Amino acid sequence: RAGTIIAGEAMRATLVVPALICLFLPCLLSIHHDLMCACPMAPACGALASRKAPQMPFFRANVRVSEQGSMMRLRGGEDGDEEEKEGDCEPDVPATMFERLKINQSTSPADHPSTVEWGLAVALSIYAAMGAPFAAYIPGLSDLVQRKPKEKQLSPEEVARLEREAIRKEQDEEFAQAMMEDKMKAAEKKKKQEAAEAEARAKKEEAQKKSSAVENYTKGIATKKEAMDKEPAQGDGVVMLRIRCPDGTQLTRKFKTEGAVGALYDYVDVARHDKAQNTADPSVHIAELAEFEYQLVSTMPKLVLADRSVTLADAGITTSCALVVQPIAKD
C-alpha cells in the first residue's frame, strides 16, 4: 500500500512539472513584452525613428471587458493608434499581465485582451482545480491561484421572497418598537395617575384632619364657656390682668389669685373664638385657632405660665400685670 501511495505522488509530480513549465514560459514572454512596450529603446536615426515597433502576434487589437465590467483600451491596429469609444472613460488598467490575471479570473476569451492571457487564465483555473500543488513554494503563485468565491445568482422568485422577508422584518421591528413605546407611555401614565391619587388622598386626609380638629376645638370652647366662672369683683386676692394677643388684640379681665392658671387659658380661647365668629370668614379663622398652640408669658416679672394646674399665686402672679400670648413653634 505504501508503494502505491508513493507511485501516485510520483505520477502527480510528473504531471505538475510540465504544467508549471507550460504555465510560466508564456508568463515570462508576456512580462518581457510588457517591459519592452513600457520602455522602448531610442531609435538610432530619423529613418528608424519613423518605424513603429512590431506587434506581438499573440495580441489582439480588440477592446475587452474585465470581470468587473470596466473597459480596457489596448494597443493594436495598423497604425498602432489608441481608439476609444465615444462616451467611454479610460480606467486604470494594471500594467502587467501578473496583476491583470490576479484581478480577472474569467475563463472566457472575450474577457481577456489577448489569447496568451486567456490561455494562462485557463491554465491557472485548471491548476487551482488540481489543488494548486507546490504553490506555496513559488513566489506570487498563491495570489494567482486563489479563487474568488462565486456569487450565487438569485432567481426573480428568490429576490421577491428576500424583499418580502426584509419588509416583514422591518414591519416586525416597527411593531415591536411601537409596542415598547406604548408600554412606556402606559407605565408613565399609570405612574402619574398613582401620584395624583396619592396627592388627592393626602389632601383629603389633611382636610379631614382639619375638620376633626375644628370640630373638637368648637366642642372644647362650648365646654369651657359652661365651666368658666364669672368675673370676680375688685378686692383682696383679685388681680387685673391685661393679655395681648398676636393679632394686636388686648384682653382685660380680673382673676382670683387662688384660681388655676388653666382659667386664664380658657378665657383666652373663648375670647378669641368669639372674636373670630364676628369676622367676614369665621370658618377660616376658627380653623387657624384650632391649630394654634401658645403659652402665656409675663413680662414683669419674667414668668412662663406653662403649668395650667397650679394657681396664679403659686405661679408667681400676685399683683396686676401684663401677659403675652406667645405662639409655640411646631417642629
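Thresholds, definitions, all that
Residues numbered from 1 in each chain as written. Predicted model: local features only at pLDDT ≥ 70, side-chain atom pairs only at ≥ 80, totals over all residues. Heavy atoms only, no water. Helix = DSSP H or I, 4+ residues; strand = E, 2+ residues; numbered from the N terminus. Contact = heavy atoms within 4.5 Å. Phe/Tyr/Trp six-rings, centres within 6.5 Å; stacked < 30°, edge-to-face > 60°. Axes fitted to C-alpha atoms, helices over the stretch in contact; angles between N-to-C directions. Parallel < 35°, antiparallel > 145°, perpendicular 65-115°, else oblique. Nonpolar A, V, L, I, M, F, W, Y, C, P; charged D, E, K, R; others polar. Pairing = 2+ DSSP bridges. Patch = residues over 30% accessible without salt bridge, like charges linked within 9 Å, V, L, I, M, F, W, Y side chains within 5 Å. Areas by Shrake-Rupley, 256 points an atom, 1.4 Å probe, with all protein chains shown as cover. Salt bridge = Lys/Arg side-chain N within 4 Å of Asp/Glu carboxyl O. Lys, Arg positive; Asp, Glu negative; His and termini not counted. Charge placed at Lys NZ, Arg CZ, Asp CG, Glu CD.

Student: So what's going on with the side chain of Thr257? Which residues, and what values?
Tutor: Within the fold, Thr257 resides in the loop between β4 (250-256) and α7 (261-277). The residues touching Thr257, leaving out its near neighbours within four places in the chain, are Gly237, Val239, Thr311, Leu312, Ala313, Ile317 and Thr318.

Student: Describe the packing of aromatic side chains, naming the residues involved and giving the relevant values.
Tutor: Counted by the stated rule, this structure contains three aromatic pairs. Seen from their ring centres, Phe255 and Tyr267 are 5.6 Å apart, and the 75° between their planes marks the pair as edge-to-face. Linking Phe255 in strand β4 with Tyr267 in helix α7, this pair joins segments that are 12 residues apart in sequence. An aromatic cluster is built from Tyr265, Phe292 and Tyr294, whose rings are joined through pairwise contacts.

Student: Explain the packing of helix α6 (residues 156-227) against helix α8 (residues 282-291) to me, and be specific about the residues and the numbers.
Tutor: The interhelical angle for the contact between α6 and α8, taken along N-to-C directions, is 85°, at an axis separation of 9 Å. Between α6 and α8, the angle falls in the class roughly perpendicular. Along its contact with α6, which presents Lys210, Ala213, Val214, Tyr217 and Thr218, the element α8 presents Ile286, Ala287, Leu289, Ala290 and Glu291. Class assignment of the residues belonging to the contact of α6 with α8 gives a composition of seven nonpolar, one polar and two charged.

Student: Tell me about the sheet that holds strand β5 (residues 294-298), residues and numbers included.
Tutor: Within a beta sheet, neighbouring strands are joined by backbone hydrogen bonds and run either parallel or antiparallel to one another. One open sheet holds the five strands; their spatial order is β4-β3-β7-β5-β6, and the pairing between them is mixed. The sheet terminates laterally at β4 and β6 (303-305), the two strands that pair on one side only. In this sheet, adjacent strand axes meet at a mean angle of 30° when their direction is disregarded. As paired elements, β5 and β6 share three bridges and run antiparallel to each other. Its bridge partner being in β6, Val297 is matched across the sheet by Val304. Here α7 sits on the sheet and contacts β3 (238-244), β4, β5, β6 and β7 (321-327); the angle it forms with β4, its principal contact strand, is near 145°.

Student: Could you give an account of a negative patch on the surface, with specific residues and numbers?
Tutor: There is a patch of like negative charges on the surface, built from Glu170, Asp172, Glu173 and Glu174. Position of Asp172 among the secondary structure elements: in helix α6.

Student: Provide a residue-level description of the pairing of β3, including the pertinent values.
Tutor: Pairing of β3 with β4, which is carried by seven bridges, proceeds in the antiparallel orientation. When the bridges of β4 are listed, Arg242 appears paired with Thr252. Remark: five residues form the turn of the hairpin made by β3 and β4, two consecutive strands paired antiparallel; Gly248 in that turn has positive phi of roughly 95°. Across four bridges, β3 lies against β7 in parallel orientation. Bridge pairing in β7 places Arg244 opposite Val324.

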